[in-house]
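Here is how the chains run, residue by residue.
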Amino acid sequence: MRNQNNLQKLNRNTVLARGKIVEVNDQDSMPYLNLFIRNGAGRKHTFLKCYFNREKFQLKKGMTISISAHIENINTKNSYEIIIDTIQEEQTELAVFFNKKPNFGFAYPNHFAKMFVFGKVIDKHLKPNSNWIEMIIKDNCENRVKVQYSTKMRVNETNFEIGDYVYLSALPISIQKTIHEEMFIFENYILEDIVVEQK
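Keep in mind the model is a prediction, meaning the values are calculated, not measured.

Rules and cut-offs
- Residues numbered from 1 in each chain as written.
- Predicted model: local features only at pLDDT ≥ 70, side-chain atom pairs only at ≥ 80, totals over all residues.
- Heavy atoms only, no water.
- Disulfide = S-S within 2.5 Å.
- Phe/Tyr/Trp six-rings, centres within 6.5 Å; stacked < 30°, edge-to-face > 60°.
- Helix = DSSP H or I, 4+ residues; strand = E, 2+ residues; numbered from the N terminus.
- Buried < 20%, exposed > 50% of the residue type's maximum accessible area, 1.4 Å probe, protein only.
- Lys NZ or Arg CZ within 6 Å of the ring centre and 35° of its normal.

**Topic: the state of the cysteines**
Evaluated as defined, the whole model comprises zero disulfides. Not engaged in a disulfide, the cysteine Cys50 finds its nearest cysteine sulfur in Cys141; these two sulfurs lie 18 Å apart.

**Topic: the packing of aromatic side chains**
Both the distance between ring centres and the angle between the ring planes are used here to describe each pair of aromatic rings. In total, this model carries seven aromatic pairs according to the counting rule given. When the centroid spacing of 5.3 Å and the interplanar angle of 50° are considered together, the rings of Phe36 and Phe47 count as tilted. Separated by eleven residues along the polypeptide, Phe36 in strand E2 (residues 32-37) and Phe47 in strand E3 (residues 46-51) bring together distant segments of the chain. Phe36 gets classed as buried once you look at its relative accessible area, which sits at 12%. The partly exposed category is assigned to Phe47, whose relative accessible area is 23%. Ring centres of Tyr149 and Phe160 lie 6.3 Å apart, and the angle between their planes is 55°; this geometry places the pair in the tilted category. Remark: Phe160 occurs in the loop between strand E8 (144-150) and strand E9 (165-179) and Tyr149 occurs in strand E8; sequence separation between them is eleven residues. According to the relative accessible area criterion, Tyr149 is buried, its value standing at 1%. One aromatic cluster is present, formed by Phe118, Tyr165 and Tyr167 through successive ring pairs. Over the ring of Tyr32 we find Lys49; its NZ or CZ atom is 4.3 Å from the centre of that ring.

Structure representation (structure tokens):
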């Protein structure tokens, strides 16, 4: 997962993920796919809605892919979409070892999803009646990303304030909600690691 190109991209946030495409909608003006990410250790599985360029990528349901993407704000500063920059079709372990077609067998590399951001902390507050802290980071491309963490998590031991520049990684977690009998999927980003830039 260590990629020198991503390490050099301090200007904008980066989302790296590997999973299976469970839906492709390339008919809309903004084509998108839903990426299913199988999580282990008893965590609920994650579904990421990602937008892509139909001229650049030919995708179909059932493909297992790895993506590099970024989050862009839309309409409001606190609403955003995941925009895919690159896609690589994954191969099963058997296909790699025996030099066969990508779908030879069924054991693909493990699914994962992670977001990396370098930016300025512009908001940090305790959510009402909870032990969860929300913070908003603005990257160098002016995109705002909201992450959260519990006061019981190790990241809470890192001292940082509004105005500090931080490097962080976060895990996307999806939550399904039904509103007026329609199912919606929301993504939350759970802070996993953080380092404050030394002044």
